[in-house]
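The lines below spell out each chain.
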Amino acid sequence: MELQRHPLPPFTMETALQKVQLAEDAWNSKDAEEISKAYTIDTEWRNRTEFISGREEVIAFLKRKWEKELHYKLKKELWGFRENRMAVRFEYEYQNHDGQWFRAYGNENWEFDENGLMRKRYASINDLEIKEEERYL
């Protein structure tokens, strides 16, 4: 049986904001194993053009991500919510191995199960090259 990950749906404004902040904090930790526990065993993701199924693929994806995206820093913002679904906008900054800085902008659609675990995550993301002095995260 899956453990519960509070707050649970249906969400209120307060609990939706809390869920978004918990996700932001987790991703900023860059701990792929711990982050994966917020998702169902059979979670479904679309991240850019990559399709990911299940926690093991989530862990592998996140490890690959942070091997390429150095000095990663993320900010998430609740865009809207209803019952067990949320829309979130985000931006993050990172540096590649060549020293180039980027800011990535995107939107995510999330769906949670009754235990508060995310079963679906669909992300659309665009990257913008920036100069180091243009960073603000």
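Overview of the structure. (Residues numbered from 1 in each chain as written. Predicted model: local features only at pLDDT ≥ 70, side-chain atom pairs only at ≥ 80, totals over all residues. Heavy atoms only, no water.)

**Comments concerning the sheet that holds strand β1 (residues 39-47)**
Inference 1: Within the open sheet, the six strands sit side by side as β2-β1-β6-β5-β4-β3. Their pairing is mixed. In the strand order of this sheet, the two ends are held by β2 (50-53) and β3 (70-82), each with one partner. Between one strand axis and the next, the sheet turns through 20° on average, direction left out of account.
Inference 2: Of the pairings in the sheet, the one linking β3 to strand β4 (residues 85-95) comprises ten bridges and is antiparallel in character. (Pairing = 2+ DSSP bridges. Helix = DSSP H or I, 4+ residues; strand = E, 2+ residues; numbered from the N terminus. Axes fitted to C-alpha atoms, helices over the stretch in contact; angles between N-to-C directions.)

**Description of empty space enclosed by the protein**
Inference 1: Counting across every chain of the model gives one cavity of 30 Å³ or more.
Inference 2: Quantified by volume, the largest cavity comes out at close to 50 Å³.
Inference 3: As for the largest cavity, its lining consists of W27, N47, K65, Y72, L74, K76, F90, Y92, E108, R121 and I125.
Inference 4: Elements represented by at least two residues in the lining of the largest cavity include exactly β3, β4 and β6 (118-130). (1 Å grid on protein atoms, 1.4 Å probe; cavity = no way out; pocket = protein on both sides within 12 Å on 5 of 7 lines; lining within 4 Å. Points joined across faces, edges and corners; volume = space filled by probe spheres on them.)

**A short note on helix α3 (residues 55-68)**
Think of an α-helix as 3.6 residues a turn; residues three or four steps apart then line up on the same face.
Inference 1: With 14 residues, α3 extends 20 Å from end C-alpha to end C-alpha; this agrees with the ideal 20 Å at 1.5 Å per step.
Inference 2: Within α3, burial applies to R55, V58, I59, F61, L62, K65 and W66. Angular distribution of buried residues about the axis of α3 spans 165°; they occupy a single face of the element. Among the exposed residues of α3, those pointing more than 90 degrees away from its buried face are E56, E67 and K68. (Expected span 1.5 Å × (residues − 1). Buried < 20%, exposed > 50% of the residue type's maximum accessible area, 1.4 Å probe, protein only. Arc of directions from axis to C-beta.)

**Some thoughts on the side chain of S36**
Inference 1: Along the polypeptide, S36 turns up in helix α2 (residues 32-36).
Inference 2: Residues in contact with S36, not counting those within four places in the same chain, are R55, V58 and I59. (Contact = heavy atoms within 4.5 Å.)

**A few points about a nonpolar patch on the surface**
Inference 1: Taken together, the side chains of M13, L17 and F81 make up a nonpolar region of the molecular surface, amounting to roughly 270 Å² of accessible area.
Inference 2: If you trace the backbone, F81 turns up in strand β3. (Patch = residues over 30% accessible without salt bridge, like charges linked within 9 Å, V, L, I, M, F, W, Y side chains within 5 Å. Areas by Shrake-Rupley, 256 points an atom, 1.4 Å probe, with all protein chains shown as cover. Salt bridge = Lys/Arg side-chain N within 4 Å of Asp/Glu carboxyl O.)

**Some thoughts on the nonpolar core**
Inference 1: Ranked by internal contacts, the top residues of the largest apolar core, which has 30 residues, are W27, W45, L62, M86, Y92 and W110.
Inference 2: Look past the residues within four positions of M86 in its chain and what remains in contact with it is F11, A16, K19, V20, L78, G80, F81, E108, N109, W110 and F112. (Core = buried A, V, L, I, M, F, W, Y, C linked by side-chain atoms within 4.5 Å.)

**Section: the packing of aromatic side chains**
Inference 1: Summed over all chains, the structure comprises eleven aromatic pairs.
Inference 2: Between Y92 and Y94, the aromatic rings sit 5.8 Å apart at their centres with planes inclined by 35°, giving tilted as the arrangement. In terms of burial, Y92 and Y94 fall into one category: buried.
Inference 3: In textbook terms, an aromatic cluster arises when at least three aromatic residues are bridged by ring pairs, as seen for W27, Y39, W45, F61, W66, Y72, F90, Y92, Y94 and F102. (Phe/Tyr/Trp six-rings, centres within 6.5 Å; stacked < 30°, edge-to-face > 60°.)

**Structural notes on the pattern of salt bridges**
Inference 1: A complete count under the given rule lists 14 salt bridges for this structure.
Inference 2: Across the pair R85 and E111 runs a salt bridge whose closest N-O atoms are separated by 2.7 Å. Here R85 is found in strand β4, whereas its partner E111 is found in strand β5 (residues 101-112), with 26 residues between them in sequence.
Inference 3: A relative accessible area of 42% places R85 in the partly exposed class.
Inference 4: Taken together, the shared-partner salt bridges in this structure form one network comprising K76, E108 and R121.

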